[in-house]
Amino acid sequence: MDIIVCIKQVPETTEIGWDPATGTLIRGGVPGVLNPSDKHALEAALQLRERYGAQITALSMGPLHAEETLREALSMGVDGAILLSDTAFAGADTLSTAYALSLAVRRIGRFDLILCGKESSDGMTAQVGPQLAELLNIPQLTYAIEIVVTNKTVRIKQKLEGGFRGVESLYPAVITVEKEMNQPRIPTMEGIMEAYASKEVQVWSAEDLGGKGGRLGLKGSPTQTRKVYTKELRRGKVTILEGEPDEVAVKLIQTLTAKGLL
Amino acid sequence: MSPVNLRDCKGLWVFIEQKDGKPARVSLELLGTGRTLADKLEVDVTAVLIGEDISGLAQELIYWGADSVLIADDPVVRDYRTEVYADIIAELAAGEKPEVLLIGATWMGRDLAPRVAARLYTGCIADCTELDIEIETRLLVATKPYFGRNLMAEIICPFHRPQVVTVRPGVMELKAEERHRKGELIPIEVKVREEDVRVKVVETVRSVSDAAALEQADKVVVGGMGVGDAEGFKALREFANLLGAQLGATSLPIDEGWISEDCKIGQTGKTVRPRLYIGCGVSGAIQHSAGMINSEMIVAINTDPKAEIFQIADYGIIGDVNEVIPALMREMRRLSVEREER
């Protein structure tokens, strides 16, 4: 079977700049890492390959340095890697990102399962997976903690708030993976050598993808970040209780008791 | 779908999530919020109710703020399935052209909202903490915490409709029910047939744990990175039990695997409003504080006097959680022994 895993390079820290002119993040200068949630999607794909046999392609969109992230996926053991990189993609919101990914998936052509992490550690919207499924007009199976593939169907165990469901669909389908599903493997030294020496990261531009240019990047994004500002959440002034642990414990308990909170 | 003419779009919709004919609390919160926004826009609030045997719930939604309820009552929509629900909502929205669609950011809402928005080729803004209407432009202005520390972002969707947003449970205040309100109940024909649905729900297992316990708790003890490790969280749970409090956490300890995800409080977790909040080794970044700022009393214990949580705390202790918590427990036990001896 053919599996595509969508991955994202995210800033390593939360200390990140913002460009007031375009309302987008300034990612330059901040070290990028593979989105933690996507490692679980990659691991899920590798385990499916071990069980059922599969060809795995990692797909990402981002600036050229996002190639590092795809090399990491190759080090873990995926078979191929494609980076969508073009200034035309810059500033994309989730729908515009999903649109570019959908064009790339169609260009790849063969796919039975598309795996995504549950959400990115920067945007945390969990929207790209469902939007990609919609744009490809295929089912979405979200919050998976287990995947079982049969002849023509895929069944997941779907994690819910307060329980789970077993959900089955025909494939192709998009599956978003929860971190409980697995423990991502650490790339071996051999895997890393191979990822850099003998595997290739293909780079596709907007022109390679075709599609409607007006739906790409910032200008293809229905949502706009209009303003980013610092919000100092403040209430009254804090009263600091001072002293050794045993002293402050007595003070706090007295205070809470006096306020009827104990 | 071709772009809609913005001036043709009117009305505010709220998707009603329900289980066994009972509405999710977040849907009622959003009816109240939606009512306020719709009054600014001078438009109606429409509740969209989907499920099997749910018609009895419709009148109640009028009391909570809806002017009308679109009711899709059919066996095929008994279990939530993304595509069937998205088909119904998107088809109705394409016909009726609402300006705004509010959806609770539950597991269901976060699965449904982006699919509906992508179908209608419109924007979807996740996990908003404030919503307002800009009167001059009629735009919905959605505010949410943004990436770095204490950054808030205002996000708009100027040229596409409906403006779809999701809001976490507990973020918006539950307004009072008004039982004198009247409205229209409109049954909707469900056209999709079971054999055309690509997804089947083969089993549903509900865990016995009370998922809402944390959100409705009177007292909450919360651990951050300062707790140090999983052992630290065990000790913190003992403290919470002694206090009669629920245990919560910020996101980093959860990512470390020190404590389970259902304890997460903040922008991407639960929102709490307890009478007493005790933050232990919590730095107070906005991603967390967005979910607890409405606590009645906030106590913070942290080694770093510059930690942001001291800006919002009522009482602060500069110290190591792993020294202060045992001291607090000793004092509580000593007092309880003293009480018994009396």
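As shown above, the structure is provided for reference.
Residues numbered from 1 in each chain as written. Chains lettered and ligands numbered in written order. Predicted model: local features only at pLDDT ≥ 70, side-chain atom pairs only at ≥ 80, totals over all residues.

### Overview of the overall build of chain B
Within chain B, the regular secondary structure consists of 9 helices and 18 strands. Projected onto its principal axes, the C-alpha positions of chain B cover 70 × 45 × 40 Å. The 342 residues of chain B split such that 53% are buried. Counted over contacts in chain B with a minimum sequence separation of 6, partners at least 24 positions apart contribute 65%. (Helix = DSSP H or I, 4+ residues; strand = E, 2+ residues; numbered from the N terminus. Buried ≥ 20, exposed ≤ 12 C-beta atoms within 10 Å, placed from the backbone. Contact = placed C-beta atoms within 7 Å.)

### A few points about the overall build of chain A
A count of helical and extended segments in chain A gives 7 helices and 15 strands. A burial count over chain A gives 49% of its 262 residues as buried. Partitioning the contacts of chain A with sequence separation of at least 6, the portion at a separation of at least 24 is 70%.

### Topic: the sheet that holds strand 15 (residues 246-249) of chain B
One open sheet holds the 6 strands; their spatial order is 15(A)-18(B)-17(B)-16(B)-14(B)-15(B), and the pairing between them is parallel. Here the strands that pair on one side only, and so sit at the sheet edges, are strand 15 (239-241) of chain A together with strand 15 of chain B. Sheet twist, expressed as the mean angle between neighbouring strand axes with direction ignored, is 20 degrees. Most of the contacts of helix 7 (residues 245-258) of chain A go to strand 18 (residues 315-318) of chain B, to which it runs at about 170 degrees, and overall it touches strand 15 of chain A together with strand 16 (276-280), strand 17 (297-302) and strand 18 of chain B. (Pairing = 2+ DSSP bridges. Axes fitted to C-alpha atoms, helices over the stretch in contact; angles between N-to-C directions.)

### Remarks on the pairing of strand 1 (residues 12-16) of chain B
Residues and elements named next belong to chain B. Most of strand 1 sits out of view: 5 of its 5 residues are buried. In strand 1, alternate side chains face the same way, and those of Leu12, Val14 and Ile16 on one face and Trp13 and Phe15 on the other are all buried. Sheet topology note: the strand 1/strand 6 (residues 100-104) ladder contains 3 bridges and is parallel. Within strand 6, the position partnered with valine 14 by the bridge is leucine 102. Here 5 bridges tie strand 1 to strand 4 (residues 45-51), and the two strands are oriented parallel to one another. The residue of strand 4 that forms the bridge with phenylalanine 15 is valine 48.

### Overview of the nonpolar core
Formed by 126 residues in total, the largest nonpolar core has its most connected members in Val5(A), Ala45(A), Ala100(A), Leu115(A) and Leu49(B). Ranked by residues supplied to this core, first place goes to helix 3 (residues 94-108) of chain A with 8 residues. Ignoring anything within four residues of it in the chain, the contact list for Ala100(A) reads Met61(A), Leu84(A), Phe89(A), Ala92(A), Leu209(A) and Leu216(A). With 46 residues, the next largest nonpolar core counts Leu276(B), Val282(B), Ile301(B) and Ile325(B) among its residues. (Core = buried A, V, L, I, M, F, W, Y, C linked by C-beta atoms within 7 Å.)

### Examining helix 3 (residues 82-96) of chain B
All names here are of chain B. Over its 15 residues, helix 3 runs 21 Å from end to end, which matches the ideal 21 Å to within 8%, given 1.5 Å per residue. All of the buried residues along helix 3 are Thr82, Glu83, Val84, Tyr85, Ala86, Asp87, Ile88, Ile89 and Ala93. Positive backbone phi, at 55 degrees, marks lysine 97, one or two positions downstream of helix 3. (Expected span 1.5 Å × (residues − 1).)

### Examining the sheet that holds strand 11 (residues 163-167) of chain B
All names here are of chain B. Here 7 strands make up an open sheet; going across it, the order is 7-11-6-1-4-5-12 and the pairing parallel. With partners counted over all chains shown, the strands left at the sheet margins are strand 7 (124-128) and strand 12 (184-187), one partner each. Sheet twist, expressed as the mean angle between neighbouring strand axes with direction ignored, is 20 degrees. As paired elements, strand 4 and strand 5 (residues 68-73) share 6 bridges and run parallel to each other. Residue pairing for strand 5: leucine 49 is matched across the bridge by isoleucine 71.

### Some words on the interface of chain A and chain B
The partner chain B presents 69 residues to the 63 residues of chain A that form the contact. Secondary structure elements with two or more residues in the side of chain A that touches chain B: helix 3, helix 4 (128-136), strand 9 (140-149), strand 10 (153-160), strand 11 (163-170), strand 14 (224-230), strand 15 and helix 7 of chain A. Bridge count between strand 15 of chain A and strand 18 of chain B: 3 bridges; the pairing is parallel. Looking across to strand 18 of chain B, one finds that Ile240(A) is bridged to Gly316(B).

### Things to note about unusual backbone geometry
Most peptide bonds take the trans configuration, and most residues that are not glycine carry a negative phi. Cis geometry is found at the peptide bond from Tyr171(A) to Pro172(A), where omega equals 15 degrees. Among the secondary structure elements, Pro172(A) is positioned in the loop between strand 11 and strand 12 (173-177). The linkage connecting Arg161(B) with the following residue, Pro162(B), adopts the cis geometry, with an omega of -5 degrees. Structurally, Pro162(B) can be placed in the loop between strand 10 (151-156) and strand 11. Non-glycine residue Met124(A) carries a positive phi angle of around 55 degrees. With respect to the helices and strands, the residue Met124(A) is situated in the loop between strand 8 (113-117) and helix 4. Even without glycine at this site, Glu42(B) takes up a positive phi of about 55 degrees.

### Section: the packing of helix 5 (residues 230-243) of chain B against helix 9 (residues 321-341) of chain B
Residues and elements named next belong to chain B. Running from amino to carboxyl end, helix 5 crosses helix 9 at an angle of 30 degrees, the nearest separation of the two axes being 10 Å. The angle between helix 5 and helix 9 places the two elements in the roughly parallel class. The handedness of the crossing between helix 5 and helix 9 is left-handed. Between helix 5 and helix 9, the contacting residues are Gly232, Ala235, Leu236, Phe239 and Leu242 on the first element and Asn322, Ile325, Leu328, Met329 and Met332 on the second. Looking at the contact of helix 5 with helix 9, its residues break down into 8 nonpolar, 2 polar and no charged. (Parallel < 35°, antiparallel > 145°, perpendicular 65-115°, else oblique. Left-handed = near helix turned anticlockwise from the far one by under 90°. Nonpolar A, V, L, I, M, F, W, Y, C, P; charged D, E, K, R; others polar.)

What is shown is where atoms sit, not what they do.
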